[in-house]
Amino acid sequence: MYFSDDGKLRKGENAMNILDVIKDRRSARAFKPDSISRQIITEIIELTINAPSANNFQPWEFIVVTDKEKERLSRTLIKAYHEKQLSCSSGAVKPLPEAIRQRGIQTQESLKAYAERIGVSLDNFVNEGSCNFYGAPVAIIICLDDSFSTRQMIDVGTVVGYLVLIAHDLGLATCPIGLIADYADEIKDLLNIPENKKVVIGVALGYPDLENPMNQFRSSRTDLRELVRWI
């Protein structure tokens with residue numbers, strides 16, 4: 001997909017099919033500072049909201065933060081992180097099954113090697129990087145009205161899946177960032193988000209810095225036999 005001279009979204013000869021997009025897409029953890037036009041962001045979200053939702057509630061709400069406000073948001077979150085020290089974690093409410101815990105450990109160990117190549121500790125890189133949206137020029141905050149139960153979190157997860165795949169098809173990179181939900185108060189105050197809205201997740205959006213070693217990392221996938229039970 002690409003934008004033509006008339007500003008319309010077109011499908012080029014070399015456009016990826018959906019299966020290729022799913023296989024090729026990965027999270028970026030380093031972005032170029034290049035800005036993205038409002039038109040492109042709007043096109044991405046217009047396609048994204050085709051995601052299915054229970055009863056067609058379409059419960060998601062997007063707050064797009066760019067330019068100076070994005071910089072201010074990053075400064076606010078990094079300051080809050082240094083004050084509160086709330087870090088990225090599994091969010092589990094009880095000990096994880098060992099197989100799942102090992103997946104996380106293996107991913108962290110693999111990612112650590114890339115962080116060492118740029119001379120930073122993985123913890124600092126991930127936590128401060130999350131608060132800075134890894135330098136992306138656009139931060140998309142996704143909210144949910146507090147009248148909904150946790151069931152609608154599934155709908156939000158679905159819409160995030162659409163968003164990251166559509167962005168990838170348009171040549172942009174993304175990284176879903178859950179840590180920001182721990183700093184919901186600071187985000188609501190800065191962005192004037194009503195109290196009855198839950199900050200669920202953020203998504204960093206921009207052009208990937210392909211020269212940065214962190215973007216060479218690709219997480220592995222578990223053998224299907226561990227995940228599927230046939231009856």
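Higher on the page you've got the structure.
Student: Can you tell me about the pairing of strand β6 (residues 197–206), naming the residues and giving the values?
Tutor: Within β6, nine of the ten residues are buried, leaving the element largely enclosed by the surrounding structure. Looking at chain direction, strand β4 (residues 138–145) and β6 are connected through eight bridges and run antiparallel. What sits directly across from I142, in β6, is I201. Here strand β5 (residues 173–177) pairs with β6 via five bridges, running antiparallel. Within β6, the residue paired with A173 across the bridge is G206.

Student: Describe the pattern of salt bridges, with residues and values.
Tutor: Within this structure, the stated rule accounts for ten salt bridges. Measuring nitrogen to oxygen at the nearest pair gives 3.0 Å for the salt bridge that ties R225 to D223. The exposure class of R225 is exposed, given its relative accessible area of 73%. Judged by its relative accessible area of 35%, D223 falls in the partly exposed class. Linked through salt bridges whose partners overlap, the residues forming this network are E61, D145 and K197.

Student: Please provide a residue-by-residue account of the packing of helix α3 (residues 67–84) against helix α5 (residues 122–131), values included.
Tutor: The geometry of α3 relative to α5 is characterised by a closest axis approach of 7 Å and an angle of 140 degrees between their N-to-C directions. When the axes of α3 and α5 are compared, the pair comes out oblique. Of the residues in α5, those in contact with S74, L77, I78, Y81 and H82 of α3 are N124, N127, E128 and C131. Taken together, the residues of the contact of α3 with α5 break down into four nonpolar, four polar and one charged.

Student: Can you tell me about unusual backbone geometry, naming the residues and giving the values?
Tutor: Backbone geometry at N55 places phi at a positive 55 degrees, although glycine is not the residue there. Within the secondary structure, N55 is located in the loop between α2 (38–48) and β3 (60–66). Judged by relative accessible area, which is 65%, N55 ranks as exposed.

Cut-off values and rules
- Residues numbered from 1 in each chain as written.
- Predicted model: local features only at pLDDT ≥ 70, side-chain atom pairs only at ≥ 80, totals over all residues.
- Heavy atoms only, no water.
- Buried < 20%, exposed > 50% of the residue type's maximum accessible area, 1.4 Å probe, protein only.
- Helix = DSSP H or I, 4+ residues; strand = E, 2+ residues; numbered from the N terminus.
- Pairing = 2+ DSSP bridges.
- Salt bridge = Lys/Arg side-chain N within 4 Å of Asp/Glu carboxyl O.
- Axes fitted to C-alpha atoms, helices over the stretch in contact; angles between N-to-C directions.
- Parallel < 35°, antiparallel > 145°, perpendicular 65-115°, else oblique.
- Contact = heavy atoms within 4.5 Å.
- Nonpolar A, V, L, I, M, F, W, Y, C, P; charged D, E, K, R; others polar.

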